[in-house]
Amino acid sequence: QSKEDTQSILVNIGLILDRSNRLNVSGTAVKGILKNASVVVNPLNKQGACDTSRVLATGNTNDEGDYSLIYYRTGSVVCLTVSSDSSGQTKLFDEKNSSDIAVPASSTFKLITILPESKIINNSRKNAMVSPFSKLLARRLQYLIKQGGDSADSNALFKKASKEIV
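Small disclaimer: the values here were computed from a predicted structure and weren't measured.

A. A look at the state of the cysteines. One pass over the full model with this rule turns up one disulfide. Between the sulfur atoms of cysteine 50 and its disulfide mate cysteine 79 the distance is 2.3 Å. Because the torsion about its S-S bond is -100°, the bridge between cysteine 50 and cysteine 79 counts as left-handed. Taken together, the residues cysteine 50 in the loop between strand 3 (38–43) and strand 4 (57–60) and cysteine 79 in strand 6 (residues 77–83) connect sequence positions 29 residues apart. Judged by its relative accessible area of 0%, cysteine 79 falls in the buried class.

Take a look at the structure:
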């Protein structure tokens, strides 16, 4: 085997390992369709809150409220937060009036969902809905993690919170 062959093999192994550590999360943000909204993935910290100091991925929803983000696996639980975009272009479809409503960049509007990476099969999670219901689940999980302290098993608590909310 030549030196070039060995280098090529090592590069290919590195690419395979890199791909196996990347996760693709996609879905829809709804409270009415959220167009051009900011979508951010952060790890969940030991206190059960989204660690906004560590951004794993960012993106925006399209005109149908759909998003798709790729980030590197953390081995734990992540938060997916949808909020108004800093550009001020976010719109929320109001079903009652059948029209879009502007959501200003300064708005405190947020939807959150919690995703245990252990539930992501084949490095891809499709249909990860972000809605007021998912925000309720996220709040319950955060409360349970705070109660459990530093030794809390976030995956087990996610399962418990899911059963309690449904």
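B. The arrangement of the sheet that holds strand 4 in detail. Strand order across the open sheet formed by four strands is 4-3-6-9, with antiparallel pairing between neighbours. Two strands in the sheet have a free side with no partner beyond their single neighbour: strand 4 and strand 9 (110–116). When the angles between neighbouring strand axes are averaged without regard to direction, this sheet yields 20°. Sheet topology places strand 3 next to strand 6; six bridges connect them, and they run antiparallel.

Conventions and cut-offs
Residues numbered from 1 in each chain as written. Predicted model: local features only at pLDDT ≥ 70, side-chain atom pairs only at ≥ 80, totals over all residues. Heavy atoms only, no water. Disulfide = S-S within 2.5 Å. Helix = DSSP H or I, 4+ residues; strand = E, 2+ residues; numbered from the N terminus. Buried < 20%, exposed > 50% of the residue type's maximum accessible area, 1.4 Å probe, protein only. Pairing = 2+ DSSP bridges. Axes fitted to C-alpha atoms, helices over the stretch in contact; angles between N-to-C directions.

Everything listed is a geometric property; what it means functionally is a separate question.
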